[in-house]
Each structure stands twice: as structure tokens, then as C-alpha cells.
Amino acid sequence: MQTEIIIAGFGGQGVLFAGQVLAYAAMDAGKEVTWIPSYGPEMRGGTANCTVIISDEEIGSPLVRHPRGVIALNLPSADKYERLVAPGGVLVGNQSLIDHPFSRTDITHVQVLANELAEQIGDRRLTNMVCLGALLALMPVIPLEAIEKALENHLPERHKRLLPANFQALQAGCEVALKNTMHAAETLKNQ
Amino acid sequence: MPKELLKGNIAMAEAAIRAGLEGYFGYPITPQTELLEWMSARMPELGRVFLQAESELAAINMVYGAACTGARVMTSSSSPGVSLMMEGLSYIAGTEIPVVLIDVMRGGPGLGNIAPAQSDYNQIVHGGGHGDYFPIVLAPSSVQEAIDLTVLAFDLAEKYRTIVVVLADGSIGQMMEPAELPPMKPLKTTRPEWATTGATNREKRVLSSIYLQPEQEEITNLRLLKRLEEIEANEIRYKSYYLEDAEFVVVGFGTAGRVALSAVRMARAEGLKVGLLRPITLNPFPIAQLRQITDQVKAFLVVEMNSGQMLLDVQRATMGQAPVEFYGRLGGVVPFPDEILAEIRRIATTNEYATNGFVRRNWLRRLETLVDGGE
């Protein structure tokens, strides 16, 4: 059993960190995991992404063409990855920066006003955690509690005061996603 | 030690430190820079030598000098930087002293780019500097293997008084995986009998790669070859997957090898009898192991992130006894598993193989179609 997740957005949106949190949680759960960033010139100010693969056996390719799950934190990422999500997979979009609904009917997708939710919780920088919460609500590869534990265990000491806000962001994303999601089956039914 | 989520570059640096590294000399270059950066923090903290040289030329010659004292020393770089080190590497080989080099390969030729590539295989495995010399070359495909092979590199370098290269690529350097670091080894307290340590109360020793008499240089070359034979007898390492009943065998090292593993599993799920042989030592190359399975195999498929450099070694090993097909991506492009799966399907279902000599030409035509198609 292998699950591939791509998290994509602008540099500075916490794309790489959100992936690392996922990787830490997978490691702590005793899974095989790889985290690989796009480390090219694009990380200097443009789009950034990372691929996280979680598996029960030795992981082969660290990159995939068609991931099971995608978090698109901005419009270019949404446009690039909507068509690449594996059929039956999950796509979470940051509605705050995406100006049109997703159109795929063979995947489960949701858009979350992540910037606004993050700001309500108190910090725009929580956008990534809101979206991670949303993804995990629809794709229970790792329980939310395990993500919280991973944050606790691996966040540097100086950032530990931010833990409660991070937990809140994960929860908020999770709740919104469960309410608003278009499931693959439903979208097919509605056609 | 518990597993930690470690980035390849940092894992290799810390592994070298724990293997008893006494001196590091290097110059920054992406996608290897985190290795040097980690050294710059950790080595001074431990009272050991970290020196950022003014260039790769300087770095390799500092390593040369430091290695002559019998200390555990290393450098690291990426493709264009390693090209600059070739003269120094040849001198080190000619002087028969142990040195470890980590090369985190990137796309080329020239300045190229910083994406993962394997196009320095020939330069490293078959020598890039002048003269006949044979470094041991270790090719990790995961962060854990990068750690283990870095530690092994120092032991092999000292055992055989040779250069050992850990040949990684940008993908191994940049990825994070759970891995276990070894415990910290104490630094060596003795120096080998050949080391130049300051001749007080003993006869002086001279380390050099100069043998002005060709007869003497020939004897030196013979010594290097004898050592290579010993290395070939003792140090071949590889990993095999699903070989028992395999009719088709994919051969790939490092990142290409692990991408191929995904493709092989997909092919197995389709009922195709495919296996994978992933060489870990590129020199010595697992020639006997390949030869041994040649009888059971209908065809080999070599997969690389270059234009078929290891392909020639696989052809050499199988001696025309089985068809050897090739698939590669170039210039920093990493193949996806489905590309290799398509190649496996093609080979397993058509039974049409390129006759010897046209393997690369046929691959080139297929790749052109793929690239022109704007995939």
C-alpha cells in the first residue's frame, strides 16, 4: 500500500514544511516515507512543491506523475495539478487564491478559504496546516492526532508556543473539508 | 540509535563525521551545498578541521596533502566541481593514499543545471583524470544507503589505499527519509606506516606520484592493478529484487535503480516475470553476478539518467549472450516509473530486440518521439 501526496504553492507558504510534518508523522507511525522538494531555481521566489510518499514497503521512485493526493495552495499549482491527480484521488485547493471551481468528476475535491481561516485563527502562516487538515479529512493516510504528535515532537523548541494555533488550523481545515467536499461518486451522480 | 528524518546531504556529512573524519576541505556547489554547510557547523564544534577552499582545485589538493599525513579526510562536490578535481584525483591515485570523495551529480555537460543526473558515470567509474587508476565507486539509492556507504568508504579507502567515491545524485542529496546514523567512532590514534608525520627518530618517508623511470612506473601500475583484483574479489555489492524466476532483468543504479523498482513491481502486478539488479558498487562492477543470470534471462533492460554509460559495462558483462536494451533520460530529467514500465512491456511482449550496436540508436529514436511529443 503506497500513498503519494504533492503539496504545491508559492515559496513562503509553508509548502515544504507541511510535507515534512506529514513525513515525520509517517515515520513515527513506523511507515516507509520519502520527502523530496523541488529544489530548482523556482524555490527562490516562484512556485515550490514537495512530494511525500508513504508506504508499507521499500519505496521505489521518489517522484510520481499521478499523485493520490494534492494540496494546491495557489492558482498555478491548482491549474497544474488538477489534471494530474490519480483517478479516485483527492485534491484540496486554497480557495483564497483560486478563482474557479475544480471540474474533475473522477476525484474527490474541496476548496477551502485557507488564508481567511488562518487569519481568523491568528496567523496567515497557518494556511498550510488548514489545507493539510483538509487533505487528511478526505484521505486518512495518517490520523490527525499523529500529525499533532509529529508537530509536538519535531517542531524546534523556539516554535513550540505556536502548537495550539497549529492544532486549531488542522482541525478547522478538517471540519470545513468534511462539510464542503465534492466526492467523486457524488459528482458523477449529479451529472 | 532511533531513526531520524534526514536529508541525504546532511546524512552523508554526519555519517562521515561519525566515521571519524578528521578534516574536510571543499567548495560549495548545488545540489551538494548542505553537506559542506553541515560540515562547517559540526567540524569546528568537534575541534576538527573544516576548510572552505577558494576553489575545487584548492580543495582537492588540500585533501591530497592532508591524506598524506594518514588522517581521515574527504571532500565533496557536484559534477562541474568534480571535473575541476580530476588532476588532483589522478595525483592522489598515483600516490596511493586513501581519500573519500562524495559526488552529488547534476545535469550537464557544462554548467548544465542542478537537477539529478547520472551522467558522470564514465568520468568517475572509468577515470576522468589521466593515467590508469581505479577508484572504488559506491552508488547509494536511499538516504540510509548513503549513510552506510559513506562509512564504508573510509574503511575501504584505508584498506586498499585508494580513492573511494560515493556517487550520489541531486535526488539522493535533497530527499529526506527516515534513517539511522551510526554511533560516533573515536578518532584514530595511530598513523599508517607510510604516512608523512614528521620524521623524528626515524628514516624519512616520501609520498609522491612521480616515477621518472618508466620501469618503476610500470611496477606502480601493476601494484594498482593487483589491488584492483583484490577489490574485485572482495568488495562487489549489489541488491537484487524478484530475480528467482525473472525472464527479463532491469539493471539500474542509484536513483534510476529505485525508480526502476517501482516499474518492476507494476510489471509484476501485470504478471510479467521481471526482476531488478541494482549495482551498489559500480567499480568493482557485478560482472559475475550478471553473467550468472544471463542464461535464464531473455533480455536485459539498462535504465540510467544518462545516455547509456553503464550500458557498456552491462554489455561487457553479458558478452552478447542475451540482448541488452536501454532506456535513459538526459540532462537532469528523472524518468517516471510508467516510462520504464512501457519499456518493460515492449521488451516482454514483442520479443523484438535491437541487434547489437543499435541499442542506443533505437532508444534515441523512441526518446525523440517522446520529447517531441511534448509529454
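Calculation rules
Residues numbered from 1 in each chain as written. Chains lettered and ligands numbered in written order. Predicted model: local features only at pLDDT ≥ 70, side-chain atom pairs only at ≥ 80, totals over all residues. Heavy atoms only, no water. Salt bridge = Lys/Arg side-chain N within 4 Å of Asp/Glu carboxyl O. Buried < 20%, exposed > 50% of the residue type's maximum accessible area, 1.4 Å probe, protein only. Domains from an automatic or database assignment. Contact = heavy atoms within 4.5 Å. Buried area = accessible area lost by both parts, 1.4 Å probe. Nonpolar A, V, L, I, M, F, W, Y, C, P; charged D, E, K, R; others polar. Phe/Tyr/Trp six-rings, centres within 6.5 Å; stacked < 30°, edge-to-face > 60°. Helix = DSSP H or I, 4+ residues; strand = E, 2+ residues; numbered from the N terminus. Axes fitted to C-alpha atoms, helices over the stretch in contact; angles between N-to-C directions. Parallel < 35°, antiparallel > 145°, perpendicular 65-115°, else oblique. Left-handed = near helix turned anticlockwise from the far one by under 90°. Pairing = 2+ DSSP bridges. Expected span 1.5 Å × (residues − 1). Polar contact = N/O pair within 3.5 Å; in protein donor to acceptor, adjacent residues only side chain to side chain.

1. Concerning the pattern of salt bridges
Point 1. For the structure shown, the criterion picks out 34 salt bridges over all chains.
Point 2. Close ionic contact of A:Asp106 with A:Arg104 constitutes a salt bridge, the shortest N to O distance being 2.6 Å.
Point 3. We classify A:Arg104 as buried; its relative accessible area is 16%.
Point 4. Here A:Asp123 ties to A:Arg125 by a salt bridge, and the two come within 2.9 Å at their closest N and O atoms.
Point 5. Exposure remark for A:Arg125: the relative accessible area of 62% places this residue in the exposed category.
Point 6. Residues participating in the shared-partner salt-bridge network are B:Arg72, B:Asp155, B:Glu158, B:Lys185 and B:Lys188.

2. Topic: the domain arrangement of chain B
Residue and element names in this part refer to chain B.
Point 1. Domain annotation of chain B identifies domain 1 (4-187 + 205-234) and domain 2 (238-372).
Point 2. Contacts between the two partners involve 34 residues from domain 1, matched on the other side by 24 residues from domain 2.
Point 3. Taken together, both faces of the contact between domain 1 and domain 2 bury some 2,100 Å²; the carbon and sulfur share is 51%.
Point 4. It is Gln118, Tyr121 and Ser141 that lose the most area in domain 1 upon contact with domain 2, and together they represent 33% of the buried surface on that side.
Point 5. There are 2 salt bridges connecting domain 1 and domain 2.
Point 6. Two residues, Arg278 and Glu145, come together in a salt bridge whose shortest N-O distance is 2.8 Å.
Point 7. In the side of domain 1 that touches domain 2, the residues fall into 19 nonpolar, 10 polar and 5 charged.

3. A look at the packing of aromatic side chains
The relative placement of two aromatic rings is captured by the distance of their centres and the angle of their planes.
All names here are of chain B.
Point 1. Going through the model one piece at a time under the given rule, you end up with 4 aromatic pairs over all chains.
Point 2. When the centroid spacing of 4.8 Å and the interplanar angle of 80° are considered together, the rings of Phe326 and Trp363 count as edge-to-face. In this pair, Phe326 sits in strand β14 (residues 324-328) while Trp363 sits in helix α14 (residues 359-372), placing the two residues 37 residues apart along the sequence. You'll find Phe326 and Trp363 in the same group, each marked buried.

4. Thoughts on unusual backbone geometry
Residue and element names in this part refer to chain B.
Point 1. Cis geometry is adopted by the peptide bond preceding Pro31, which originates at Thr30 and carries an omega value of 5°.
Point 2. Along the chain, the position of Pro31 falls in the loop between β2 (23-26) and α2 (33-45).
Point 3. The residue after Gly108, namely Pro109, is reached through a cis peptide bond having omega 5°.
Point 4. In this structure, Met319 takes a positive phi of about 45° despite not being glycine.
Point 5. When you line up the elements, Met319 lands in the loop between α12 (309-318) and β14.
Point 6. Judged by relative accessible area, Met319 falls into the partly exposed class, the value being 49%.

5. Digging into the packing of helix α10 (residues 254-269) of chain B against helix α13 (residues 337-350) of chain B
All names here are of chain B.
Point 1. Where α10 meets α13, the closest approach of the two axes is 8 Å, and the angle between their N-to-C directions is 55°. One finds that α10 runs oblique with respect to α13. Judged by the sense of rotation from one axis to the other, the crossing of α10 with α13 is right-handed. Judged by residue contacts, Val259, Ala260, Ser262, Ala263, Val264, Met266 and Ala267 of α10 engage Pro337, Ile340, Leu341 and Ile344 from α13.
Point 2. For the contact of α10 with α13, the class distribution of residues is 10 nonpolar, 1 polar and no charged.

6. Things to note about the sheet that holds strand β11 (residues 274-279) of chain B
Residue and element names in this part refer to chain B.
Point 1. Taken in spatial order, the 5 strands line up as β9-β11-β10-β13-β14 in an open sheet, and their pairing is mixed. Two strands bound the open sheet, and with one partner strand each, they are β9 (238-241) and β14. When the angles between neighbouring strand axes are averaged without regard to direction, this sheet yields 20°.
Point 2. Where strand β10 (residues 248-251) lies against strand β13 (residues 299-304), 4 bridges are found, and the strand directions are parallel. If you follow Val249 over to β13, its bridge partner there is Phe300.
Point 3. Contacting β9, β10, β11 and β13, α10 crosses the sheet at an angle of about 170° to β11.

7. Some remarks on helix α7 (residues 143-160) of chain B
Residues and elements named next belong to chain B.
Point 1. Here α7 contains 18 residues, and its C-alpha end-to-end distance of 25 Å stays within 8% of the 26 Å for a straight helix at 1.5 Å per residue.
Point 2. The buried fraction of α7 is high, at 13 of 18 residues.
Point 3. Just downstream of α7, Arg161 is the residue with a positive phi angle, here 45°.

8. Overview of the sheet that holds strand β12 (residues 281-283) of chain B
All names here are of chain B.
Point 1. Within the open sheet, the 7 strands sit side by side as β3-β2-β4-β5-β7-β6-β12. Their pairing is mixed. At either end of the open sheet lies a strand with only one pairing partner, and these are β3 (49-52) and β12. Taking the axes of each pair of neighbouring strands and ignoring which way they run, one obtains an average angle of 20° across the sheet.
Point 2. Here 2 bridges tie strand β6 (residues 136-138) to β12, and the two strands are oriented antiparallel to one another. What sits directly across from Leu138, in β12, is Thr281.

9. Examining the interface of chain A and chain B
Point 1. Chain A puts 23 residues into the contact, and the matching count from chain B is 28 residues.
Point 2. With both chains or domains summed, chain A and chain B bury close to 2,100 Å², and 59% of this area falls on carbon and sulfur atoms.
Point 3. Three residues, A:Tyr39, A:Glu58 and A:Arg65, lead the burial of chain A against chain B; their summed loss comes to 33% of the area buried on that side.
Point 4. At the junction of chain A and chain B, the tally comes to 4 salt bridges.
Point 5. The partner of A:Glu58 in a salt bridge is B:Lys239, and the shortest N-O contact between them spans 3.2 Å.
Point 6. Seen at the junction of chain A and chain B, the total is 11 residue pairs in polar contact (both at pLDDT 80 or more).
Point 7. Those elements that place two or more of their residues in the side of chain A that touches chain B are α1 (15-28) and β2 (32-37) of chain A.
Point 8. Of the residues forming the side of chain A that touches chain B, the biggest block, 5 residues, is contributed by β2(A).
Point 9. Across the side of chain A that touches chain B, the residue classes break down as 13 nonpolar, 5 polar and 5 charged.

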